[in-house]
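Observations on chain architecture
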Amino acid sequence: MATFLSKLGRLAFRRKGVTLLLWLLVFVGMGVAASSAPAPPADTFSMPGTESQEAFDLLTEKFPDASVDGATARVVVRAPAGTKITTPSTRTEVERLVTELGVSSPQVAGVADPYESPAVSISEDGTTAYTVVTYKVPAAEVDDEAHDALDAATEQAREAGLTVEAGGDAVKIEQAMGGTGEQIGILVSAFVLVLTFGSMIAAGMPLITALIGVGIGISGITALGSTFGLSGTTSTLAMMIGLAVGIDYALFIVSRFRAERAEGRTPEEAAGRAVGTAGSAVVFAGLTVIVALAGLAVANIPMLTKMGLAAAGTVAVAVLVAITLVPALLGLAPVKVMARRGRLRYAVKPLSDRQRRRAARHEAKLARRTRPNLGTRWARYVLRHPVVVLLVGVIGLGTVAVPAASLELGLPGEGQMSTQTTQRKAYDLLSESFGPGFNGPLTITVQTVSATGTADGTGAAGSTGTASAGTPADARRTGDEIGKALARTPGVASVSPATANKAGDTAILTVVPTTGPTEKRTEELVHALRDTADDLERSTASRILVTGQTAMFIDFSQTLDDALLPYLALVVGLAFLLLMVVFRSVLVPLKAALGFLLSVAAALGAVVAVFQWGWLADVFGIDAPGPIMSTMPIFMIGVVFGLAMDYEVFLVSRMRESYAHGARPGEAVVDGFRYGGRVVGAAAVIMMSVFSGFIVEDNDFVKMIGFALAIAVLFDAFVVRMAIVPALFALLGRSAWWLPKWLDRILPRVDVEGERLAGTQSAARSPRESTLVG
């Protein structure tokens, strides 16, 4: 592996013009393909194998007229203080609002008049009403003109003295991604890179190559969107993880190139050796990330599967960019990529007298500098006190992880948006006036079954048969009978009359809970209704299913919860095998996996404490602490696992390289930190700054994702990799590299540490190396 990648790196370095042209053609070609591709499809949400999805599919089949994909906006109106919504003057303004909403945009299909069904659309105290605006197009296709028209109509009603707020998928989201926080994160990343390398050229390479890789990956997703059903949001995970690993991979190769130049190798030799050693680590680190992202398919949720595979493809592009484009760029600036101070040592052209004097002064200064760098000093401290460092790290992370035992999962909704948004205000108005369960109604489907359609012809009630050919009245009668039984379930506020389809074989009911959509008692109610439905199916010879947005959220959370352990087992198991091949050890991948689990548990504990319990809620601007987003744990595991294995591979591979070349275990640890500690730390700080940018967003769940990823990188990079890992190496000694002989014969040899390169590209190690990369 190292030999092949070394040859590839040298080839890209020598043929830099051809390499750059090929990548430029790929970049432009993917951009053209993306620009000419059809618009990506709207987001679709499905959960094969769940009761909610089965009921949703039944509704689509049996009620085709009602199963429309058009967006909706629910406009809530509250009368001025001391008046009713039915007061003549107030009613006039509300009717004017309804009329204005109906003609506001060509995309509007219709508007419901609340006065035509006052028992449903007007609250019991008569102060609040709501109307539903239906659009002809899905939410993703509602244009700015329609959004502005809705805003103008509601604002006009507010000026008339009404309190008006709007919710639903047709309402424009007021907060947007990519705000000031992200910009600050990118600026911090650039600053850290400049500080690490001491060269604007070297600092710019990781950023430029990462952006190129992400651009190609996102363009590919857009180009294939309509073919494979990849929605616009599929690229979100791909962009985040692609940018993260793209910067990391280029950072490590550029850093290794500078180290090889400091050892006295020629630019081409340094490029080949950098790609052969650090590039090997990049390849295997990329494989672990791809395994983690592709493993999202374990959840059996098409949306997550597509996101994971798309992001995995972007990571593969980042790996290819790192091992080919980066050495080509190094070929363009083999001297300027070095630190500005001392750059004259690497000049190719003859130096002037003044330049030679400057170079001589710098050499003398380096000769007087004998103090080890920070990474070396820290590694030696850990080697002297391994037990203390290990206990402090494990106990500290274990303490932070304690709140994770109280983790409650849910999905985002308008009830979790900022209190400053119109969606949240509409949600609160409806909860106050119609009850907390009004925002999360449940839909019950009742499919009648023919008693004469049994397999044995006995007509036994409750046996499986075919849908009856009854009348709508029969279906309504059965539905109402079931509705009366369900209404007796504790936690049910009301049950609507049944509505039958034209074929007369299916009816639907609406059940309003007494509790809100995200409350634990609502989840218990869904399970209780399903248990009751099982009993009613036998007595009514019908098939009863519970669905609705709240039920789908509950099923979604349960599906993810069930998939979490298999997902962990898959990604950790496959990564264990990969790391065992890379490091020729059993204990090194074992401690890497256990350390990752510890950092993830600590990050989940911190998330629960802040976002579920409300600790430091004012500091992070959290308006409504509540359940943790269901997708967050598995999403965080995938992203953090990839980054954690990056740091593990890059830090420990340098230790393995030193150990393979004859260093004692303790010396190998010191070498790993001398040459890799500063770079790994810089990579972690960059990722933390990028992820922390999401914390300043308005949406609590966006804050949650940013906080979770930033805190997880902090724990994994600086506590697990920088403290616990060297402490374990110190305690294990040579046993850390133990591998059974029979297993050693079976495992393939990939030569990540570049042992074979040592014979062909020998050079004495310079003591000055630590001043450049340490």
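Below: a short report on this structure. (Residues numbered from 1 in each chain as written. Predicted model: local features only at pLDDT ≥ 70, side-chain atom pairs only at ≥ 80, totals over all residues. Heavy atoms only, no water.)

**Here's the deal with the overall build of the protein chain**
For the protein chain, the helix and strand inventory stands at 27 helices and 11 strands. For the protein chain, the residues scored as buried account for 54% of the 774 residues in total. Sequence-distant contacts in the protein chain: of pairs separated by 6 or more residues, those separated by 24 or more amount to 79%. Put simply, the protein chain shows about 32800 Å² of open surface, and 61% of that area lies on carbon and sulfur atoms. (Helix = DSSP H or I, 4+ residues; strand = E, 2+ residues; numbered from the N terminus. Buried < 20%, exposed > 50% of the residue type's maximum accessible area, 1.4 Å probe, protein only. Contact = heavy atoms within 4.5 Å. Areas by Shrake-Rupley, 256 points an atom, 1.4 Å probe, with all protein chains shown as cover.)

**Remarks on the environment of Ser 735**
Here Ser 735 lies in the loop between α24 (700-732) and α25 (741-746). Separated by 147 residues in sequence, Ser 735 and Val 588 place their C-alpha atoms 9.7 Å apart.

**Quick notes on the pattern of salt bridges**
A side chain with one charge can pair with a side chain of the opposite charge if their charged atoms come near. Summed over all chains, the structure comprises 29 salt bridges. Here the salt bridges do not stand alone but share partners, grouping Arg 256, Glu 260, Arg 265 and Arg 273 into one network. (Salt bridge = Lys/Arg side-chain N within 4 Å of Asp/Glu carboxyl O.)

**A look at the side chain of Glu 648**
Note that Glu 648 resides in helix α22 (residues 631-660). Judged by its relative accessible area of 1%, Glu 648 is buried. Among residues more than four places away in sequence, those in contact with Glu 648 are Phe 583, Val 588, Lys 591, Ala 592, Ser 653, Arg 721 and Val 725.

**A closer look at a nonpolar patch on the surface**
On the surface, Val 18, Leu 21, Leu 22, Leu 24, Leu 25, Phe 27, Val 28 and Val 32 cluster together to form a nonpolar patch covering roughly 740 Å² of accessible area. Along the chain, Leu 24 turns up in helix α2 (residues 16-36). (Patch = residues over 30% accessible without salt bridge, like charges linked within 9 Å, V, L, I, M, F, W, Y side chains within 5 Å.)

**A few points about the environment of Gly 220**
Mapped onto the fold, Gly 220 is located in helix α8 (residues 200-223). Once the C-alpha coordinates of Gly 220 and Gly 313 are considered, the two residues, 93 residues apart in sequence, prove to be 9.1 Å apart.

**Regarding unusual backbone geometry**
Peptide bonds are trans in most cases, and residues, glycine excluded, mostly fall at negative phi. Positive phi, normally seen in glycine, also occurs at Ala 541, with a value near 50°. On the basis of relative accessibility, which here comes to 16%, the residue Ala 541 falls in the buried class. One non-glycine residue with positive phi stands out, namely Arg 584, at about 50°. In this fold, Arg 584 is placed in the loop between α19 (549-583) and α20 (587-612).

**Side note on helix α23 (residues 665-692)**
The periodicity of an α-helix, 3.6 residues per turn, causes residues three or four places apart in sequence to face the same way. Where α23 bends most, at Gly 676, the angle is about 55°. Burial within α23 is extensive, with 22 of its 28 residues counted as buried. (Bend = angle between axes of the 7 residues up to and from the residue.)

**A look at the sheet that holds strand β4 (residues 163-167)**
Sheets are built from strands paired through backbone hydrogen bonds, the pairs being either parallel or antiparallel. Reading across the sheet, the four strands line up as β2-β3-β1-β4 and stay open at both edges, with antiparallel pairing between neighbours. Looking at which strands have only one partner, the edges of the open sheet turn out to be β2 (108-111) and β4. Direction aside, the axes of adjacent strands within the sheet are offset by 20° on average. In this structure, strand β1 (residues 72-78) lies alongside β4, joined through five bridges in antiparallel fashion. (Pairing = 2+ DSSP bridges. Axes fitted to C-alpha atoms, helices over the stretch in contact; angles between N-to-C directions.)

**Points about the packing of helix α14 (residues 374-384) against α23**
Contact pair α14 / α23: the axes reach a minimum separation of 7 Å and the direction vectors enclose 150°. Classified by the interaxial angle, the pair formed by α14 and α23 is roughly antiparallel. Crossing hand, α14 versus α23: right-handed. Note on element contacts: α23 touches α14 through Gly 666, Val 669, Val 670, Phe 673 and Arg 674, opposite Gly 375, Thr 376, Trp 378, Ala 379, Arg 380 and Leu 383. Here the residues of the contact of α14 with α23 sort into six nonpolar, three polar and two charged. (Parallel < 35°, antiparallel > 145°, perpendicular 65-115°, else oblique. Left-handed = near helix turned anticlockwise from the far one by under 90°. Nonpolar A, V, L, I, M, F, W, Y, C, P; charged D, E, K, R; others polar.)

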